[in-house]
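Understanding the architecture of this molecule
So the chains spell out like this:
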Amino acid sequence: PFALYLALAEAAKKAGSSEDSKAALSSAKAEIEQASGTGQEPFPLYLLLADAARTAGDRDEEKAALLAAVDLRPRSSDTLFRLANIYMQENNFDRAASYYARIANINPNSADVFYQLAVAEERRYRFAAAEQAYARALELAPDNKSMQTRYEELKRKIAQSRKDAVTK
């Protein structure tokens, strides 16, 4: 039934019935809870539910499914990254930065993670933290021109801010 509910959610969304899509996603979630009671591993099912919710355009259900998956596997970098990206898209930079920082602790050699952390920190106006994250990203990927450009822009912004503070 789980796969059928996911297919129904997608079909309902395509047919323009977000209410039916939500109901199907809710039924799929109930199937996960039932399956986990019988000893089936729920983690991959939550990821499938998150995918279906994204396809159906239900951001809240996608986020809830990813949060449930993270509860089961708190060190799953891919799941944490997906969750952090959702928070970035929602402009919830505090949450995004928190998840990117968790990933950076798990995988300290990922330039992309440090770059995303830097962007989130910059958007939180935590420029010192952003500067550190950009520096680490460039340490890991020194030839990445877009990272270098973004880092230089941040340094200019910080310098201008200091200059403005001195002249006031």
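Residues numbered from 1 in each chain as written. Predicted model: local features only at pLDDT ≥ 70, side-chain atom pairs only at ≥ 80, totals over all residues. Heavy atoms only, no water.

Right, let's talk about the overall build of the chain for a bit. Scanning the chain for helices and strands turns up nine helices and zero strands. N-terminal to C-terminal, the α/β element order of the chain is α-α-α-α-α-α-α-α-α. In terms of overall dimensions, the chain is more spread out than a globule: its C-alpha atoms have a radius of gyration of 20 Å, far above the 15 Å expected for 168 residues. Dimensions of the chain, computed from C-alpha atoms along their principal axes, come out at roughly 65 × 35 × 30 Å. Buried residues in the chain amount to 39% of all 168 residues. Long-range pairs, those at least 24 residues apart, make up 47% of the contacts in the chain between residues at least 6 apart in sequence. A total of about 9500 Å² of accessible surface is found on the chain, and carbon and sulfur atoms cover 48% of it. (Helix = DSSP H or I, 4+ residues; strand = E, 2+ residues; numbered from the N terminus. Rg over C-alpha atoms; globule rule 2.2 N^0.38 Å. Buried < 20%, exposed > 50% of the residue type's maximum accessible area, 1.4 Å probe, protein only. Contact = heavy atoms within 4.5 Å. Areas by Shrake-Rupley, 256 points an atom, 1.4 Å probe, with all protein chains shown as cover.)

A word on the nonpolar core. Core analysis: the largest hydrophobic core is formed by 53 residues, its most contacted members being Leu25, Leu49, Tyr100 and Tyr134. The greatest single-element share of this core, amounting to nine residues, is contributed by helix 3 (residues 43-56). Leave out the neighbours within four places in its chain, and Tyr100 touches Phe81, Ala84, Asn85, Met88, Val113, Gln116, Leu117 and Ala120. (Core = buried A, V, L, I, M, F, W, Y, C linked by side-chain atoms within 4.5 Å.)

The next thing to look at is the packing of aromatic side chains. For the structure shown, the criterion picks out five aromatic pairs. Summarising the aromatic geometry, the rings of Tyr125 and Phe127 are spaced 6.1 Å apart at their centres and angled 85 degrees between planes, so their arrangement reads as edge-to-face. With relative accessibility at 65%, the residue Tyr125 sits in the exposed group. Look at Phe127 and you get partly exposed, because its relative accessible area is 23%. An angle of 40 degrees between the planes, with centres 6.0 Å apart, marks the rings of Tyr134 and Tyr151 as tilted. Here Tyr134 is found in helix 8 (residues 127-140), whereas its partner Tyr151 is found in helix 9 (residues 145-167), with 17 residues between them in sequence. According to the relative accessible area criterion, Tyr134 is buried, its value standing at 0%. Look at Tyr151 and you get buried, because its relative accessible area is 13%. Three or more aromatic residues joined by ring pairs form one cluster here, namely Tyr115, Tyr134 and Tyr151. When the ring centre of Phe114 is taken as origin, the NZ or CZ atom of Arg136, which lies over that ring, is 5.6 Å away. (Phe/Tyr/Trp six-rings, centres within 6.5 Å; stacked < 30°, edge-to-face > 60°. Lys NZ or Arg CZ within 6 Å of the ring centre and 35° of its normal.)

The next point concerns the pattern of salt bridges. Summed over the entire model, instances satisfying the criterion amount to 15 salt bridges. Note that Glu122 and Arg150 form a salt bridge whose closest N and O atoms lie 3.7 Å from each other. Taken together, the residues Glu122 in helix 7 (residues 111-123) and Arg150 in helix 9 connect sequence positions 28 residues apart. On the basis of relative accessible area, Glu122 is assigned to the buried category, the value being 9%. Notably, a salt bridge pairs Arg136 with Glu139, separated by 2.6 Å at the nearest N-O pair. Of the two residues, Arg136 and Glu139 both sit in helix 8, three residues apart, roughly one turn of that helix. Of the residues examined, Arg136 reaches a relative accessible area of 22% and is grouped as partly exposed. (Salt bridge = Lys/Arg side-chain N within 4 Å of Asp/Glu carboxyl O.)

We now examine helix 1 (residues 2-14). With 13 residues, helix 1 extends 19 Å between its outermost C-alpha atoms, agreeing within 8% with the 18 Å of an ideal straight helix rising 1.5 Å per residue. Among the residues making up helix 1, those that are buried are Phe2, Leu6, Ala9 and Ala12. The buried residues of helix 1 occupy an angular sector of 130 degrees when projected down its axis, which confines them to one face. Exposed residues lying more than 90 degrees from the buried face of helix 1 are Ala3, Leu4 and Lys14. In this structure, the buried side of helix 1 is in contact with helix 2 (18-37) and helix 3. (Expected span 1.5 Å × (residues − 1). Arc of directions from axis to C-beta.)

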